[in-house]
Amino acid sequence: MRHSLTSRVRGTLLGGLLGQNLVATEAVESDNCSFGVFQSMESLIAQGGFDLNQWNQLDPWQYNQEISCNLMLAKVILATLPIALFFHDNKIKLRENLLLAIKNNDNPNIRDGVLAVCYLIAQSLSEKINPNTLVSEITYFISDTTTEIPIKLQQVNNLIVENAGLAELQNYLGKGNSISNTIAVAFYSFANTKEDFSLTCLQAIQNTHDSQVCGAIAGAISGAYNSMAGIPITWHLGLNEAKLAQWGFTSFSQMVKLADALVAVWSGAYSVLPQLLETKEARDKDLSFSANEAIAAPYIIRLR
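Position labels on residues start from 1 in each chain and follow its written sequence. Under the rules for a predicted model, residues below a pLDDT of 70 receive no local features and side-chain atom pairs below 80 are neither given nor counted, while totals for whole chains, interfaces and linings still include all residues. Derived side-chain values reflect all non-hydrogen atoms in the structure, with water molecules and hydrogen atoms excluded from consideration.

1. Regarding the overall build of the chain
On a plain count of helices and strands, the chain comes out with 16 helices and 0 strands. A simple rule labels every residue: compare its accessible area, found with a 1.4 Å probe on the protein chains alone, to the largest value its type can have, and call it buried under 20%, exposed over 50%, or partly exposed in between. When each of the 304 residues of the chain is scored for burial, the buried share is 56%. In the chain, the share of contacts with a sequence separation of at least 24, taken over all contacts with a separation of at least 6, comes to 74%. The Shrake-Rupley method, run with a 1.4 Å probe, gives the accessible areas here. Residue values count only the displayed protein chains as cover. Roughly 13200 Å² of accessible area belongs to the chain as shown, and the carbon and sulfur atoms make up 50% of that amount. The numbering of helices and of strands both runs from the N terminus, where a helix is a DSSP run of H or I of at least 4 residues and a strand a run of E of at least 2. Should any heavy atoms of two residues lie within 4.5 Å, those residues are counted as being in contact.

Here you go:
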């Protein structure tokens, strides 16, 4: 692989945050925009996998019917992001746990959007993105549906093959502010500029109604594909405490070390951060591992 899994997981989190905050606007529906990335990661690390009972108690799943569909899409996708990171190597488990996690949301577009984005992230982490079969793979992963998302993804892919520009994409999608359009623009932005994180994010926020939502999705996918090493260092400087707090992090180093902890648990480490997961005071302490912890290759030493 070109990049380590650890760097790709870090890149997913960093990319999503940067993409979300590229647009200089007021906070997105402020109080309603509490993305549960930290809580989701904490749950997976503490349980060594997905635990539905604990998951249902997390704040992101206290659905607020007053927020827009696109903001709810972002809220659900970002909260399920750690599931895509943790189960990226097992498509069956990935789909099963994603569907369990979002079962309380009855919007089929959000369901398909979550499945499409998380599949893209999982394939990016595994370095298995095949442009020739990607859309058909996503469609198969989504399975039976009544939404337009698979159709729009195929049309967007056709535009990419024809070297169509962003203006032609916008003409095709129209001015509708829909979940399927947001997913389509994020997919186009990534698939059209896979190797360039900056271009992917900048395309995603152009001429879209929900630029922050689209930017976050495209940034997370591109971050998974290009890893933390593929994100310009100068972009890191734009992250402050307020922006990190949107995802529940208190500092940049905490986000990085928690990403490392998630990879360690996935890899088969034991006794990872027990004190971190117990008290708020412990969460703010240094998250380094002890010398006695073991990390092994997949399927060799594993708790789950």
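Next comes the rest of the account.
2. Quick look at unusual backbone geometry
With a phi close to 55 degrees, Glu127 is a non-glycine residue in the positive phi region. Looking at the secondary structure, you find Glu127 in the loop between helix H6 (108-125) and helix H7 (134-142). Classification of Glu127 by relative accessible area gives partly exposed; the value is 33%.

3. Structural notes on helix H15 (residues 252-267)
Taking 1.5 Å per residue, 16 residues should reach 22 Å; H15 reaches 23 Å between its end C-alpha atoms and fits that length. In terms of burial, H15 is a largely internal element, 13 of the 16 residues being buried. Take the number of residues in a helix, subtract one, and multiply by 1.5 Å to get its expected span.

4. Overview of helix H11 (residues 197-204)
Most of H11 sits inside the fold, with 6 of its 8 residues counted as buried. Listed as buried for H11 are Phe197, Ser198, Thr200, Cys201, Gln203 and Ala204. Two or three places before Ser198, at the opening of H11, Asp196 has a side-chain oxygen 3.1 Å from that residue's backbone nitrogen. Identification of polar contacts relies on pairs of N or O atoms within 3.5 Å, with a donor-acceptor requirement for protein atoms, meaning one able to donate a hydrogen and the other able to accept it, and with residues adjacent in sequence counted only if both atoms are side-chain atoms.

5. Quick look at the packing of aromatic side chains
Centres within 6.5 Å are what make two rings of Phe, Tyr or Trp a pair, Trp counting through its six-membered ring; a difference in plane orientation under 30 degrees is then read as stacked, over 60 as edge-to-face, and the rest as tilted. This model, assessed by the stated rule, comprises 6 aromatic pairs. On the basis of an interplanar angle of 40 degrees and a centroid distance of 4.9 Å, the ring pair of Tyr119 and Phe141 is categorised as tilted. Taken as a pair, Tyr119 in helix H6 and Phe141 in helix H7 lie far apart in primary sequence, 22 residues in all. Grouping residues by exposure puts Tyr119 and Phe141 together as buried. Sitting over a ring, as applied to charges here, requires NZ of Lys or CZ of Arg to be within 6 Å of the ring centre and within 35 degrees of the ring normal. Cation over ring: Arg2 sits above Tyr225, and NZ or CZ is 5.1 Å from the ring centre.

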